[in-house]
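Architecture and fold: a report
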Amino acid sequence: MKNFFTFIAIITLSFASKAQSGAKIEFKDKDNTIDYGTVSKNSDNGIRTFEFTNTGDAPLIIKDVKSSCGCTVPTKPTDPILPGKTGKIDVKYNMNPGPIRKTITVESNAINYDGGMTPLKIKGTVVVPEDVNMMEKKKSLPSN
């Protein structure tokens, strides 16, 4: 009976150690969100970067990166990210005025996300500076 329990313990430990083996993706921003804040369409190019590290023990392969709409264009690394190394995913938002609420989905071989699918989010607000009418400005200036 003692041998049986030893056998079960060894099998359980071997499965547990194998379950943790593989690539893992950990993003610098713990909630996987970049907040643009309130930005001006005229002074911001809309590019932000999600930085990540492969904290696993196998190369991390980013298979695909998709946006929830055509107004957000992500770019992915082309080479595998080795264990302990970092990588980045750049996202360019087209800076349409109004609220930003977009999701980018990263498909990889990372074992720490269901099916290797990692959601990233961008949020914020894009404003357009008011045009100043020179005639209105002249009217508001004090006269001598």
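Residues numbered from 1 in each chain as written. Predicted model: local features only at pLDDT ≥ 70, side-chain atom pairs only at ≥ 80, totals over all residues. Heavy atoms only, no water.

1. Describing the sheet that holds strand β5 (residues 72–75)
If you walk across this open sheet you meet the 4 strands as β1-β3-β6-β5, and the pairing is antiparallel. Looking at the sheet topology across the chains shown, the edges are occupied by β1 (25–27) and β5. For this sheet, the mean inter-axis angle between neighbouring strands, taken without regard to orientation, is 30°. Bridging between strand β3 (residues 47–54) and strand β6 (residues 86–93) involves 7 bridges; their strand directions are antiparallel. Within β6, the position partnered with F52 by the bridge is G87. (Pairing = 2+ DSSP bridges. Helix = DSSP H or I, 4+ residues; strand = E, 2+ residues; numbered from the N terminus. Axes fitted to C-alpha atoms, helices over the stretch in contact; angles between N-to-C directions.)

2. Observations concerning the side chain of R48
Of note, R48 is situated in strand β3. Exposure remark for R48: the relative accessible area of 18% places this residue in the buried category. Side chain to side chain, R48 and D44 meet in a polar contact 2.7 Å long. Apart from the residues lying within four places of it in its own chain, the contact partners of R48 are I34, Y36, V39, I89, D90 and V91. (Buried < 20%, exposed > 50% of the residue type's maximum accessible area, 1.4 Å probe, protein only. Polar contact = N/O pair within 3.5 Å; in protein donor to acceptor, adjacent residues only side chain to side chain. Contact = heavy atoms within 4.5 Å.)

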